[in-house]
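# Coordinate inspection notes
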Amino acid sequence: MVNDAPGSDGFGLGANEDTSNHAISGLLDSAPLFDDHPNTPSVYPGGTTFMDQFFDIQYVTLWQQNLYYPFTSGADWQLASWLLHSHLSMSAINEFLSLQLIKELPISFQSVPTKCKPTIYYCDPVECLQSPFSHPLFASHMSFILWRVWSSSAQIVHIYKDWMSGDHAWNLQILNSAMLLGVVLSSDKTNILVMTGNRVAHPLLLSLANIDSDIHISFIHGKTHVCSLLSNWLIHKSLDFMLKPLKVVTAVGVVMSDPIGNLHYCFTPLVMYIADTLEQSLLVCTNPKASPVSTAMCKEFRDPFPHPSCTAGRTLDDIEWACCQADLDNFKDFLKVTKHYYLNGVHKPFWRDWPLSNPLRFLMPEVLHHFHHLFWDHNLQWCSVVLGSAKIDYRFSLVQMPVRYCSFEEGVSKLKQVTGCDHHAMQRYIVGVITGAVPRKFLVAISALLNFCYLAQMPHFDNDALSRVEAVLQVFHDNKSGIITSGGRQGCNRPLQHWEIPTLELLQHVVPSIHTSGAIMQWMAYVPEHIAWHLDCSEKCFQFNLATCLASIEHGESGEDDEDQEYEHELDLETLQASHYYAPTCTLVNYFEAAEALASGAISNAVLPHRIFASSTAVFQLAIKPSLWVMIDEAAEAYGLSDLCRKQLAIKWSQRFVSHDTFLAYIQCFNVSFPPPSSNTTDSAAAHVIPHFGKEANLCLTHYTSYELSNEFWLNKYWNKEFFYMLSCS
């Protein structure tokens, strides 16, 4: 494997890594120093809490009689809530409610409407911000004061993490004793009603940058439709209309309540707008042939250095000149003029009169659209062209993935409707798949770009980490010519000799964005992708459920028929929050504990024979539905296992062991040699290897035999980010 980055040895084959200077843990090896901003927000009494707001409506007298009004009881609300979150269609719910057994139940509803007139709803954005700002579940996850983190008391190495710790927030000028609430917007182009007109929507979501990055949640705000020049105008006009209250608050401030009822004098500048590259161009009013954040044009996207920033003042001046040279009512002439200035035709950007808000600051690189989509749209396509779709599919099918990891037994070239999680899964194995079959310079470029994407996703950075990110991006630019000479850049009819890729130019602005706004991992588009989970109806149901639970605890009640309730336990607010605000997670299972519980009989109704069992050093989990079924003799012949046959099994094991309550397992033991002990401190972690396929992968290999019949393997440092950082950041 090639040496593709400073301090890295490719897949690290045969390397004995010293992780004493591990970059991630090393950032905070010494006691960090937290430096608060000198302008500390003042706190005033007299605010309202979440429960005060919940009971401050016209139904308070009815709730005193029945806590679950308009439902007849807690059980009635439970059924309604379950139906709303069951993903059943309205017609299916009506069919369920029409059952005779259900009709006999004392419930307050008998049907749901299946047809209604189309209506667009939107909320006051100030009220949208007040909701998370005063939410009780965010009380311990909200930053009220700007802060900086230094690696030591010498205050030499600045560590960047959340937006509140970045240079942009620190340098924003607001009134003394006032609080800064960073507004985060997000939108993503969404196709709706494909069968009835192929309409397109841009749902807009709103959140706070003050919420800790590890639990950042987005809230629904509104939606508009986009279609052409007039639709671009409509988008900015709609944003201008809906976000006007936030602009007023940024100019004059507003008093808001925190989760414990204290009042704060708050200002709301726009600090982040999460969007893909095309939407960034739409928002900043440039056309796709110009960078949305710099002065670079399409032919300059290949440059290995960042171009000067494109400020809001420059964009507004260009729009003013275009309006002076053409009549806005003459769309054809106006578009010709705006094309000369690399504009998209929008003459009134929504951000033009938003104080303290600048596209240069609120348009930042984002992992899903600028890393994962870049890999799918370009990196993987370059590899497929150079190797051929059939070869790369075959090589991917030979890689055995660990349990709970995505596998590609059918290859990757014919995948449809892939998600960001699929893109990330392919990145784990792409370098090992193509190694040996592509030119060295091509491999260095692909590896360097992948290293950049991994390093840029670190949770926090110091100056050394940022220098490393810049260095691997420079390695890509130094070797990207190998992609063109290998024929990887392929158009519809002929090879491409240019690098007019807007996302590639945006990578030059990753390090500056970390300086100004903190780590980019806090700006994730995965949550906006799951918009259905944040509909207004779902949010109201969650708040109603939370309020009734809190009120029941406060009054020492648990609803009617307590003995029949299955939820007779203390309310877990963290679990309640996680069940409502969906986010992709990977649950780790302790199979040793599971095997011990099964062996001790703690699980009385466990299916026999047990499919999880363990020794002192290893645990085995057998699939309930194996992907491969063969007879014992067939397996012995197919895999060359001379000591595995029915006759020998009958001799070695008595009949009492071969029963319906016992599995027989054929296990091959591998002797693993460890390097001699060293005085240096080392970290240990699970590892993944990929067979060394060479120039041509052996056509006799299959998904099940590729590791058994291979003699050489690459250590896959891209298997997960923690393992990558341990090997690459030392």
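Residues numbered from 1 in each chain as written. Predicted model: local features only at pLDDT ≥ 70, side-chain atom pairs only at ≥ 80, totals over all residues. Heavy atoms only, no water.

## Describing the overall build of the chain
Put simply, the test is: Where helices and strands are cited, they refer to DSSP runs of H or I of at least four residues and of E of at least two residues respectively, numbered from the N terminus. Note on classification: 1.4 Å probe, protein chains only; a residue is buried when its accessible area is under 20% of the maximum for its type, exposed when over 50%, partly exposed between these limits. Between two residues, a contact is recorded if the distance between any of their heavy atoms is within 4.5 Å. Accessible surface is estimated by sampling points in the Shrake-Rupley manner with a 1.4 Å probe; for residues, cover comes only from the protein chains shown.
Counting secondary structure elements, the chain contains 30 helices and 15 strands. Going through the 730 residues of the chain one by one, you find that 47% of them count as buried. A separation of at least 24 residues holds for 70% of the contacts in the chain among residues at least 6 apart in sequence. With the model as given, the accessible surface of the chain reaches about 38,200 Å², and the carbon-plus-sulfur share is 56%.

## Some thoughts on the nonpolar core
As a reminder of what qualifies: The criterion is simple. A nonpolar core is a set of buried Ala, Val, Leu, Ile, Met, Phe, Trp, Tyr and Cys residues joined through side-chain atoms within 4.5 Å.
One finds F396, I430 and I434 to be the most contacted residues of the largest nonpolar core, which totals 68 residues. When residues in this core are grouped by element, the largest group, 12 residues, is from helix α19 (residues 440-455). Among all residues touching I430, those that are not within four sequence positions of it are F375, L380, C383, I392, F396 and L450. V126, C128, F138 and W354 belong to the second-largest nonpolar core, a separate cluster that totals 36 residues.

## Some thoughts on helix α27 (residues 591-599)
Keep this limit in mind: Note that the arc is defined by the directions from the helix axis to the C-beta atoms. Polar contact criterion, stated in full: a pair of N or O atoms within 3.5 Å, where within protein one must be able to donate a hydrogen and the other to accept it, and residues adjacent in sequence count only if both atoms are side-chain atoms.
Among all positions of α27, only Y591, A595 and L598 are buried. The buried residues of α27 occupy one face: seen down the axis, they fall within an arc of 65°. For α27, the exposed residues lying more than 90 degrees away from the buried face are E593 and E596. If you follow the buried residues of α27, they end up packed against β12 (612-614) and β13 (619-621). Its side-chain oxygen at 3.1 Å from the backbone nitrogen of F592, N590 defines the N-terminal cap of α27. Of the residues trailing α27, G601 is marked for its positive phi of about 80°.

## Here we look at the pattern of salt bridges
What counts, and what does not: Any Lys or Arg side-chain nitrogen found within 4 Å of a carboxyl oxygen on Asp or Glu counts as a salt bridge.
On inspection of all chains with the given rule, the structure shows 4 salt bridges. Of the charged contacts, one joins K247 and D353 as a salt bridge, the two residues approaching to 2.8 Å between their closest N and O atoms. Taken together, the residues span a long stretch of sequence, with K247 in helix α10 (residues 244-252) and D353 in the loop between α13 (331-340) and α14 (359-362) at a distance of 106 residues. In this structure D353 comes out as partly exposed when scored by relative accessible area, which is 41%.

## Side note on the sheet that holds strand β2 (residues 147-150)
The line we're drawing: For two strands to pair, DSSP has to find at least two bridges joining them.
Read across the sheet, 3 strands follow the order β1-β2-β3 without closing on themselves; strand pairing throughout is antiparallel. Taken across any chain shown, the strands that pair with only one partner, and hence form the sheet edges, are β1 (33-36) and β3 (158-159). Sheet topology places β2 next to β3; 2 bridges connect them, and they run antiparallel. Each residue of the ladder has a partner; that of V149, found in β3, is I159.

## A short note on the environment of R148
Along the polypeptide, R148 turns up in strand β2. Residue classification places R148 among the buried residues on the basis of a relative accessible area of 17%. Sequence-wise, R148 and D35 are 113 residues apart; in three dimensions their C-alpha atoms are separated by 5.0 Å. Excluding its chain neighbours within four sequence positions, the residues that come into contact with R148 are L33, F34, D35, H158, S165, D167 and W170.

## So, the packing of helix α15 (residues 367-387) against helix α16 (residues 389-398)
As a reminder, the rule being used: Here an angle of 0 to 180 degrees is reported between the N-to-C directions of two axes, which are lines fitted to C-alpha atoms, with helices fitted over the stretch in contact. If an angle is under 35 degrees, it is roughly parallel; if it is over 145, roughly antiparallel; if it lies from 65 to 115, roughly perpendicular; otherwise it is oblique.
Two numbers describe how α15 lies on α16: the axes approach to 6 Å, and their chain directions differ by 110°. One way to sum up the angle between α15 and α16 is to call them roughly perpendicular. The residues of α16 that touch α15, namely those facing L380, C383, S384 and L387, are S389, K391, I392, R395 and F396.

## Focus on the packing of aromatic side chains
Rules: Two aromatic rings from Phe, Tyr or Trp, using only the six-membered ring of Trp, form a pair when their centres are within 6.5 Å; if the ring planes differ by under 30 degrees the pair is stacked, by over 60 it is edge-to-face, and anything between is tilted.
Taken as a whole and judged by the stated rule, the model has 14 aromatic pairs. Ring plane angle 80° and centroid distance 5.6 Å describe the contact between Y454 and Y718, whose orientation is recorded as edge-to-face. Placement of Y454 in helix α19 and of Y718 in the loop between β15 (713-715) and α30 (721-728) is noted, with a sequence separation of 264 residues between them. Since its relative accessible area comes to 1%, Y454 is described here as buried. Judged by its relative accessible area of 1%, Y718 is buried. Seen from their ring centres, F724 and Y725 are 5.9 Å apart, and the 70° between their planes marks the pair as edge-to-face. No difference in accessibility class separates F724 from Y725, as the two residues are buried.

## Quick word on helix α11 (residues 277-284)
Most of α11 sits out of view: 7 of its 8 residues are buried. Restricting attention to buried positions, one finds in α11 the residues T277, E279, Q280, S281, L282, L283 and V284. Residue C285 follows α11 closely and has a positive phi angle near 75°.

## Some details on the side chain of N479
Tracing the chain through its elements places N479 in helix α20 (residues 463-479). Those residues in contact with N479 that sit more than four places away from it in its chain are K441, V444 and A445.

## Description of the confidence of the model for the chain
So the rule is basically this: Residue-level confidence of the predictor, termed pLDDT, takes values from 0 up to 100.
Put simply, the chain has an average pLDDT of 75, and 73% of its residues get 70 or more. Within the chain, no element has a lower average pLDDT than strand β8 (residues 219-225), which sits at 35, and none a higher one than α19, at 94. Here residues 526-536 is a poorly scored stretch, pLDDT under 50, and it has 29 contacts once near neighbours within four places are set aside; other chains count. Note that pLDDT drops below 50 for residues 651-658; the model gives that stretch 3 contacts with residues more than four away or on any other chain.

## As for the sheet that holds strand β10 (residues 263-267)
With mixed pairing, 3 strands are arranged side by side in an open sheet as β4-β10-β9. The sheet is open, and its two edges are formed by β4 (179-180) and β9 (254-257), each paired on a single side. Pairing of β9 with β10, which is carried by 4 bridges, proceeds in the antiparallel orientation. Paired with S257 across the strands is L263, a residue of β10. Sitting on the sheet, helix α7 (residues 125-133) touches β4, β9 and β10, and the angle it makes with β9 is about 35°. Along the sheet, α10 makes contact with β9 and β10, crossing β10 at roughly 105°.

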